[in-house]
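Residue-level structure breakdown
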2 protein chains.
Amino acid sequence: MKTPSSLAYLTEALRRLPGIGPKSAQRIAYHMMQHDREGAGMLGRALTQAVERIHHCALCNTFTESEICETCADEERDRSLLCVVETPGDQVMIEQTLTFKGLYFVLMGHLSPLDGIGPKDIHLERLIARASDGAVKEVILATNFTNEGEATAHYISETLKARGLKVTRLARGVPVGGELEHVDAGTIARAMLDRRAT
Amino acid sequence: MKTPSSLAYLTEALRRLPGIGPKSAQRIAYHMMQHDREGAGMLGRALTQAVERIHHCALCNTFTESEICETCADEERDRSLLCVVETPGDQVMIEQTLTFKGLYFVLMGHLSPLDGIGPKDIHLERLIARASDGAVKEVILATNFTNEGEATAHYISETLKARGLKVTRLARGVPVGGELEHVDAGTIARAMLDRRAT
Ligand SMILES: [Zn+2]
Ligand SMILES: [Zn+2]
């Protein structure tokens, strides 16, 4: 008795999702085929389409379907301020505070030497080039206030200051150990106003 | 600032997976786009292909890519024995024991009135037709020994016996290798009642 090959392939493919082991993958595959074929078809199309269309903004590195994302293309934004965040979700949180009208650079992660994540993985060379465009007057580091986020901020700060750039860090209004995505907008707004030179 | 629509659509589609909430869906979408596009593409193709190709065996109701599954099409199997299981995984377990050479019917679930799962959802009409083909001499109920599995076995048993079919149930008892001290009293009581001559 053999599992149909397309079902075996689906079970194998589901294991590529983070945190899904072999038992869960099989359970999900059976569930989708039995109870939610519409959802399975929708997710199949969504994945295929996302892989085709989504890439990184040439300027800020966030996810976009265009060459340049909407934020970077917005002529109203202050091109002298560049805010560095770890993830697109962090950028969303800062936008919600309405305290920042500059541009962003999204690292898509943070330094983590133990996991083998180094400067190249957070696109440091592209950040240096971006921050050195002549228009940027201040780089605001808004990485998380976790150990990795602080270490990342420190590393970027040293690198950019060595190139003569003004670098600031969100004030420690954000609780130490806190992740931006889980902090209320008021706290982030305060931290933005209190940002200090590093 | 807007999330690219194909990324928003992917996040929404991921919520169709069992047990995935909005936060997890966004985390997974970002992860796949950032770190595993190959896996995302593979999963997209696997889902699309599975929805196209997988359906239920016309005889036993298990998942198959053919009209009749490999097991049902196997001429060597004993067509007088029909074993009823809840899931394809249960069928695999029984196959591994090498103690059964008959055919199967896969309910794809169990009765659960509180969840609105009734006889129609476990394809009882099809099971009745299947068991009444004239070749089947004995229906062996191998649903789980949980409350739902036992209730399902009872319901099927009454239904099939009313049509004059011979219906049996897997024996209950102390697991092989089980120590009485560590087996629950209900199991021991059942094993005592079902004791057999040696
Ligand atoms: Zn951009
Ligand atoms: Zn079959």
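How each quantity is defined
- Residues numbered from 1 in each chain as written.
- Chains lettered and ligands numbered in written order.
- Predicted model: local features only at pLDDT ≥ 70, side-chain atom pairs only at ≥ 80, totals over all residues.
- Heavy atoms only, no water.
- Helix = DSSP H or I, 4+ residues; strand = E, 2+ residues; numbered from the N terminus.
- Buried < 20%, exposed > 50% of the residue type's maximum accessible area, 1.4 Å probe, protein only.
- Contact = heavy atoms within 4.5 Å.
- Arc of directions from axis to C-beta.
- Donors = N, O, S within 2.8 Å, 3.2 Å for Na, K, Ca; no water.
- Tetrahedral: all angles 85-135°; square planar, octahedral: opposite > 155°, others 65-115°.
- Pairing = 2+ DSSP bridges.
- Right-handed = clockwise from strand over helix to strand, strands pointing away.
- Axes fitted to C-alpha atoms, helices over the stretch in contact; angles between N-to-C directions.
- Parallel < 35°, antiparallel > 145°, perpendicular 65-115°, else oblique.
- Left-handed = near helix turned anticlockwise from the far one by under 90°.
- Nonpolar A, V, L, I, M, F, W, Y, C, P; charged D, E, K, R; others polar.
- UniProt positions renumbered as here; feature names shortened; annotations may be inferred.
- Phe/Tyr/Trp six-rings, centres within 6.5 Å; stacked < 30°, edge-to-face > 60°.
- Buried area = accessible area lost by both parts, 1.4 Å probe.
- Salt bridge = Lys/Arg side-chain N within 4 Å of Asp/Glu carboxyl O.

**Let's talk about the overall build of chain A**
- Within chain A one finds eight helices and seven strands.
- In terms of overall dimensions, chain A has C-alpha extents of about 70 × 35 × 30 Å along its principal axes.
- Residues counted as buried form 51% of the 198 residues belonging to chain A.
- At a minimum sequence separation of 6, the contacts of chain A that also span at least 24 residues come to 55%.

**Let's talk about helix 1 (residues 5-14) of chain A**
- Restricting attention to buried positions, one finds in helix 1 of chain A the residues Ser6(A), Leu7(A), Leu10(A), Thr11(A), Ala13(A) and Leu14(A). Along the long axis of helix 1 of chain A, the arc covered by the buried residues comes to 165 degrees, so they all point the same way.
- Among the structural elements, helix 2 (22-35) of chain A together with helix 3 (37-53) and strand 2 (63-64) of chain B are those in contact with the buried residues of helix 1 of chain A.

**Regarding the coordination of the zinc ion (ligand 1)**
Residue and element names in this part refer to chain A.
- Distances from the zinc ion (ligand 1) to its protein donors, Cys 57 (SG), Cys 60 (SG), Cys 69 (SG) and Cys 72 (SG), fall within 2.3 to 2.4 Å.
- Each of the four donor atoms bound to the zinc ion (ligand 1) contributes to angles spanning 104 to 118 degrees, and the resulting shape is tetrahedral.
- Spacing between the donor residues of the zinc ion (ligand 1) along the chain follows C-x2-C-x8-C-x2-C. Placement of the pair is Cys 57 in the loop between strand 1 (55-56) and strand 2 (63-64) and Cys 69 in the loop between strand 2 and helix 4 (70-73), with a sequence separation of twelve residues.
- Look at Cys 57 and you get buried, because its relative accessible area is 0%.
- Classification of Cys 69 by relative accessible area gives buried; the value is 5%.

**Quick notes on the coordination of the zinc ion (ligand 2)**
All names here are of chain B.
- Within the protein, Cys 57 (SG), Cys 60 (SG), Cys 69 (SG) and Cys 72 (SG) serve as the donor atoms for the zinc ion (ligand 2), at 2.3 Å.
- Around the zinc ion (ligand 2), the four donor atoms sit at angles spanning 105 to 117 degrees, and that spread fits a shape best called tetrahedral.
- The sequence pattern describing where the donors of the zinc ion (ligand 2) fall on their chain is C-x2-C-x8-C-x2-C. Across the pair, Cys 69 and Cys 60 agree in class, each one buried.

**Regarding the pairing of strand 6 (residues 166-169) of chain A**
All names here are of chain A.
- Bridge analysis of strand 5 (residues 138-141) against strand 6 gives four bridges, and the strand direction is parallel. From the neighbouring strand, Val 139 faces strand 6, where its bridge partner is Val 167.
- As for the winding sense of the linkage, the β-α-β connection from strand 5 through helix 7 (residues 147-161) to strand 6 is right-handed.

**Considerations on the packing of helix 3 (residues 37-53) of chain A against helix 1 (residues 5-14) of chain B**
- Where helix 3 of chain A meets helix 1 of chain B, the axes come as close as 9 Å, and the angle between the chain directions of the two elements is 150 degrees. Judged by the angle between their axes, helix 3 of chain A and helix 1 of chain B are roughly antiparallel. Between helix 3 of chain A and helix 1 of chain B lies a crossing whose hand is left-handed. Only Ser6(B), Tyr9(B), Leu10(B), Glu12(B), Ala13(B) and Leu14(B) of helix 1 of chain B make contact with helix 3 of chain A, whose side of the interface consists of Met42(A), Leu43(A), Arg45(A), Ala46(A), Leu47(A), Gln49(A), Ala50(A) and Arg53(A).
- Its residues placed into classes, the contact of helix 3 of chain A with helix 1 of chain B shows nine nonpolar, two polar and three charged.

**As for the UniProt feature "zinc finger region: C4-type" (unreviewed entry) in chain A**
- Summarizing the sequence annotation, UniProt attributes the feature "zinc finger region: C4-type" (unreviewed entry) to residues 57-72 of chain A in the numbering used throughout.
- Overall, residues 57-72 of chain A shows 19% helix and 12% strand. The separation of its end C-alpha atoms is 8 Å.

**What about the packing of aromatic side chains?**
- Here the structure, examined in full by the defined rule, presents four aromatic pairs over all chains.
- Geometrically, the ring pair formed by Phe63(A) and Tyr30(B) is tilted, given 5.7 Å between the ring centres and 40 degrees between the ring planes. Of this pair, Phe63(A) sits in strand 2 while Tyr30(B) sits in helix 2 (residues 22-35), which puts the two residues in different chains.
- Overall, Phe63(A) belongs to the buried group, its relative accessible area being 4%.

**Details of the sheet that holds strand 3 (residues 78-85) of chain B**
All names here are of chain B.
- Read across the sheet, four strands follow the order 4-3-5-6 without closing on themselves; strand pairing throughout is parallel. If you trace the sheet from one side to the other, it starts and ends with strand 4 (102-106) and strand 6 (166-169), each paired once. In this sheet, neighbouring strand axes are inclined to one another by 25 degrees on average, regardless of whether the strands run parallel or antiparallel.
- Relative to strand 4, strand 3 is paired through five bridges, and the arrangement is parallel. In the strand pairing of strand 4, Leu 82 is matched with Leu 103.

**Considering the interface of chain A and chain B**
- Contacts between chain A and chain B engage 55 residues on the former and 55 residues on the latter.
- When chain A packs against chain B, the two sides together hide about 5300 Å² of surface, and 65% of this comes from carbon and sulfur.
- Along the contact surface separating chain A from chain B lie four salt bridges.
- For Glu38(B), the salt bridge is made with Arg16(A), and the minimal N-O distance between the two is 3.9 Å.
- Only helix 1, helix 2, helix 3, strand 1, strand 2, helix 4 and helix 5 (88-97) of chain A provide two or more residues apiece to the side of chain A that touches chain B.
- Considering every element that reaches the side of chain A that touches chain B, the biggest residue donor is helix 3 of chain A, with 16 residues.
- Each residue belonging to the side of chain A that touches chain B can be placed in one class, and the counts come to 25 nonpolar, 17 polar and 13 charged.

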